[in-house]
Amino acid sequence: FIAFYILIIISGLQSFDPLLTLITESGIVLFFRYLFFILAIQYLCATKKNTIKFFTISLILTIFLVTMDGYLQWITGKNLFGWEKLFIPYARLTGLFEDEPIIGHFLATLAPLAFALAFSQFNQNKYFPFFAIFFLILVEVLIFGSGERMAFLNIILFTIGIILLSKNFQKIRIIGFIISSV
């Protein structure tokens, strides 16, 4: 981390406007806070054994809420708060993000993390594969419906990764992917 931090500081000093590059609100100088973030997460996981389990459950519930709200907006045109989907320039779903059509990116970024954490926490449960496939089918179809091409590509690459790397989920994931495609 220290070597990377020194490298980006040197790179920032060589930029066109070093002061702007180093000190703005997202400036390079403030990157040291990520080290404290990583150390805090490590401390929480080491001292409180259920931290990852509670985080996994809350992440799954958050993704499920966003997904259900996205489906409601896709089907009825309005979400839980009455916000309508954007019609300019394309009919894009916004879900709980009001006027920002980022629901596909949100789901494509957090669903693989939720799947991996759930796999590490609940893999011993005999119903886990079915829950996981149902969860991924719901997310994949909504990402497709959101109209975000990059998010859809990311979730497809994640699916291919599961199929190629996991012996336990290979057959059931292929079936789930076929169901999502249909």
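This text goes with the structure placed above it.
All of these numbers come straight from a predicted model, not from anything done at the bench.

Rules and cut-offs
- Residues numbered from 1 in each chain as written.
- Predicted model: local features only at pLDDT ≥ 70, side-chain atom pairs only at ≥ 80, totals over all residues.
- Heavy atoms only, no water.
- 1 Å grid on protein atoms, 1.4 Å probe; cavity = no way out; pocket = protein on both sides within 12 Å on 5 of 7 lines; lining within 4 Å.
- Points joined across faces, edges and corners; volume = space filled by probe spheres on them.
- Helix = DSSP H or I, 4+ residues; strand = E, 2+ residues; numbered from the N terminus.
- Nonpolar A, V, L, I, M, F, W, Y, C, P; charged D, E, K, R; others polar.
- Phe/Tyr/Trp six-rings, centres within 6.5 Å; stacked < 30°, edge-to-face > 60°.
- Buried < 20%, exposed > 50% of the residue type's maximum accessible area, 1.4 Å probe, protein only.
- Expected span 1.5 Å × (residues − 1).
- Contact = heavy atoms within 4.5 Å.

Peer 1: Help me out: how do you make sense of the layout of surface pockets in this one?
Peer 2: Empty space among the atoms becomes apparent when a probe as large as a water molecule is rolled across them. By volume, the largest pocket amounts to about 210 Å³. Around the largest pocket, the lining residues are Phe37, Ile41, Leu44, Cys45, Thr51, Ile52, Phe55 and Leu117. If you list the elements that add at least two residues to the lining of the largest pocket, you get helix H3 (33-47) and helix H4 (51-76). Counting residues per element, the lining of the largest pocket draws most heavily on H3, at four residues. For the lining of the largest pocket, a count of residues per class yields seven nonpolar, one polar and no charged.

Peer 1: Can you walk me through the packing of aromatic side chains in this structure?
Peer 2: Any aromatic ring pair is given by two values, namely how distant the centres are and how the planes are angled relative to each other. Applying the stated criterion across every chain, the model contains 10 aromatic pairs. The interplanar angle of 85° and the centroid separation of 5.7 Å between the aromatic rings of Phe31 and Tyr34 together place this pair among those described as edge-to-face. Taking the relative accessible area as the measure of exposure, Phe31 reaches 26% and is therefore partly exposed. Using a relative accessible area of 42% as the deciding quantity, one classes Tyr34 as partly exposed. One aromatic cluster in this structure is built from Phe115, Phe119, Phe128 and Phe158.

Peer 1: Help me understand H4 in this model?
Peer 2: Compared with the 38 Å implied by 1.5 Å per residue over 26 residues, the 37 Å span of H4 between its first and last C-alpha is a close match. Listing the buried residues of H4 in full gives Thr56, Leu59, Ile60, Ile63, Val66, Thr67, Asp69, Gly70, Tyr71 and Gln73. Residues of H4 that are buried in the fold lie against helix H5 (103-122) and helix H6 (128-146). Positive backbone phi, approximately 95°, marks Gly77, located one or two places after H4.

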